[in-house]
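Each chain, letter by letter, is given below.
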Amino acid sequence: MKKSVILGALTVAGLSVGAAAAGTLDDVKARGKLNCGVTTGLVGFAAPDANGEWKGFDVAVCRAIAAAVLNDPTAVEFVPTTGKTRFTALASGEIDVLARNTTWTFSRDVDLKFTFVGVNYYDGQGFMVPKALGVSSAKDLDGATVCIQTGTTTELNLADFFRANNINYEPVPIETNAEAQQQYLAGACDVYTTDASGLAATRATFEAPGDHVLLPEIISKEPLGPLVRHGDDEWGDVVRWTLNALITAEELGVTSANVNEMAANTGNPEVARLLGTEGTLGEMLGLDAEWSKRAIAAGGNYGEVFAKNIGEETPIGLARGLNAQWTDGGLIYSPPFR
């Protein structure tokens, strides 16, 4: 078993080095399309709507990158991936970037040879149960059956939590959120555990969301963000600074509605650098001067993307919390554009 795990990690690492050598930025420009890995479907984060158009918080990152690089936020091929398939898809070059609620961990960074370019959502693992179960704490789940996605950080977190609290559980392995939802609603498991944001998004799709509760315990740190392959630093810079552009735009008051006006009339030097009317930041990235202006216009700044897809006015109803700007007591923070 140990040998197979090691060989699997080496295989992914080997694929990663080979794919990165090609130079992803040049490949994307030549192809005229961004191949973006997303989840198989999580409303609010990444899911096709009734017309088959992908929408969501993670989808917005893909579209911002496509706008920055290709001047077209629709020039994206969305590739659905599961917890098991996502890393092979990235390492092999099937996708250019993975924007799929993926947790930044030591082993994924160092052993699997991926570069996390930043955090776009600070999360933690939680538990959802039917209200009828009468449970008010995860510590009351002794003997419960638990639906859990394979190939995710939640598996080890779950085992650690139950072991630390000297209680037992029976895992019900599933591969996708859709499968988890089906099994949970059918009563095949008492509990569904994943990132708390994912639980809120899943519950929002239920016919009777009020019949289900999120327990108070958050048992892990889950910093989620886009990732690329090790060794392709030029491409990593493009993805990193596109995300940072959305974050900085919110901090500086640049929105999808006023981005053109701000570019033309700003007296703030950092806004001028961000929007390409001063300096040569675009040239440093291998892009033109208006790359970040297009990224912001595509779906809005970080706050707009959050509010539109998962915020308190949506059915998912997530508060900013840790994902507020640093100026508002949160952890969302971009290095300066200078």
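What counts and how
- Residues numbered from 1 in each chain as written.
- Predicted model: local features only at pLDDT ≥ 70, side-chain atom pairs only at ≥ 80, totals over all residues.
- Heavy atoms only, no water.
- Helix = DSSP H or I, 4+ residues; strand = E, 2+ residues; numbered from the N terminus.
- Rg over C-alpha atoms; globule rule 2.2 N^0.38 Å.
- Buried < 20%, exposed > 50% of the residue type's maximum accessible area, 1.4 Å probe, protein only.
- Contact = heavy atoms within 4.5 Å.
- Areas by Shrake-Rupley, 256 points an atom, 1.4 Å probe, with all protein chains shown as cover.
- Lys, Arg positive; Asp, Glu negative; His and termini not counted.
- Charge placed at Lys NZ, Arg CZ, Asp CG, Glu CD.
- pLDDT = per-residue confidence, 0-100.
- Phe/Tyr/Trp six-rings, centres within 6.5 Å; stacked < 30°, edge-to-face > 60°.
- Lys NZ or Arg CZ within 6 Å of the ring centre and 35° of its normal.
- Salt bridge = Lys/Arg side-chain N within 4 Å of Asp/Glu carboxyl O.
- Pairing = 2+ DSSP bridges.
- Axes fitted to C-alpha atoms, helices over the stretch in contact; angles between N-to-C directions.

Visitor: What is the right way to look at the overall build of the chain in this model?
Guide: For the chain, the helix and strand inventory stands at 14 helices and 14 strands. Against the compact-globule benchmark of 20 Å for 338 residues, the chain has a radius of gyration of 20 Å, which places it among compact chains. Along the three orthogonal principal directions, the C-alpha set of the chain runs to about 60 × 45 × 40 Å. Out of the 338 residues in the chain, the part that is buried amounts to 53%. Taking contacts inside the chain between residues at least 6 apart in sequence as the whole, the part at least 24 apart equals 72%. Carbon and sulfur atoms make up 52% of the accessible area of the chain, which totals about 14800 Å². A gap of 4 Å separates the mean positions of the 25 positive and 41 negative side-chain charges of the chain.

Visitor: Explain the confidence of the model for the chain to me, please; I cannot follow it from the model alone.
Guide: Close reading of the predicted structure is inappropriate where its pLDDT is low. Taken over all residues, the pLDDT of the chain has a mean of 92, while the share at 70 or more is 93%. Considering only residues more than four positions removed or in separate chains, one finds that residues 1-11, a stretch of pLDDT under 50, has 2 contacts. With pLDDT under 50 throughout, residues 16-21 is counted as low confidence; its partners more than four residues away or in other chains account for 14 contacts.

Visitor: I'm lost on the packing of aromatic side chains in this one. Help?
Guide: How two aromatic rings sit relative to each other is set out by the distance from centre to centre and by the angle between their planes. One pass over the full model with this rule turns up 17 aromatic pairs. Centre to centre, the rings of phenylalanine 57 and tyrosine 302 are 5.9 Å apart; their planes meet at 80°, and the pair counts as edge-to-face. Here the residue phenylalanine 57 occupies a position in helix α3 (residues 57-70), and tyrosine 302 occupies one in helix α14 (residues 302-309), the gap between them amounting to 245 residues. Accessibility assignment for this pair places phenylalanine 57 and tyrosine 302 in one class, buried. Aromatic rings pair up to connect Phe45, Phe57, Tyr121, Tyr302 and Phe306 into one cluster. Above the face of the phenylalanine 306 ring, arginine 320 is positioned so that its terminal group lies 5.2 Å from the ring centre.

Visitor: Would you mind showing me how to read the pattern of salt bridges here?
Guide: Any two side chains of opposite charge can pair, so long as their charged atoms come close to each other. Following the criterion strictly, the structure yields 9 salt bridges and no others. For the salt bridge of aspartate 49 with lysine 55, the shortest nitrogen-to-oxygen distance reads 3.4 Å. Residue glutamate 175 pairs with lysine 84 through a salt bridge whose shortest N-O separation is 3.9 Å. One end of the pair, glutamate 175, is in the loop between β10 (169-174) and α7 (177-185); the other, lysine 84, is in the loop between β4 (76-81) and α4 (86-92), and 91 residues separate them in sequence. Assessed through its relative accessible area of 37%, glutamate 175 is described here as partly exposed. A relative accessible area of 52% places lysine 84 in the exposed class.

Visitor: Quick question: what am I supposed to make of the pairing of strand β1 (residues 34-39) here?
Guide: Burial of β1 is extensive: 6 of the 6 residues sit out of reach of the surface. With 2 bridges connecting them, β1 and strand β5 (residues 97-98) associate as parallel partners. Across the sheet, cysteine 36 pairs through a bridge with valine 97, a residue of β5.

Visitor: Please clarify how the sheet that holds strand β9 (residues 144-149) should be interpreted in this entry.
Guide: Note on sheets: strands pair through backbone hydrogen bonds, and any given pair is parallel or antiparallel. Pairing is mixed in the open sheet, where 5 strands are placed in the order β10-β9-β11-β8-β12. Edge strands, defined here as strands with exactly one partner in the open sheet, are β10 and β12 (212-214). Here the average twist between neighbouring strands, direction ignored, is 30°. Bridging between β9 and β10 involves 6 bridges; their strand directions are parallel. Counted as the bridge partner of threonine 145 is glutamate 170 from β10. Of the strands in this sheet, β8 (125-130), β9, β10 and β11 (191-195) touch helix α6 (residues 153-164), which is tilted by about 75° from β8. On the sheet, helix α8 (residues 196-203) packs against β8, β11 and β12 and is oriented at approximately 125° with respect to β11.

Visitor: Is there a simple way to explain the side chain of glutamine 125 in this structure?
Guide: Looking at where glutamine 125 falls in the secondary structure, it is placed in strand β8. The exposure class of glutamine 125 is buried, given its relative accessible area of 0%.

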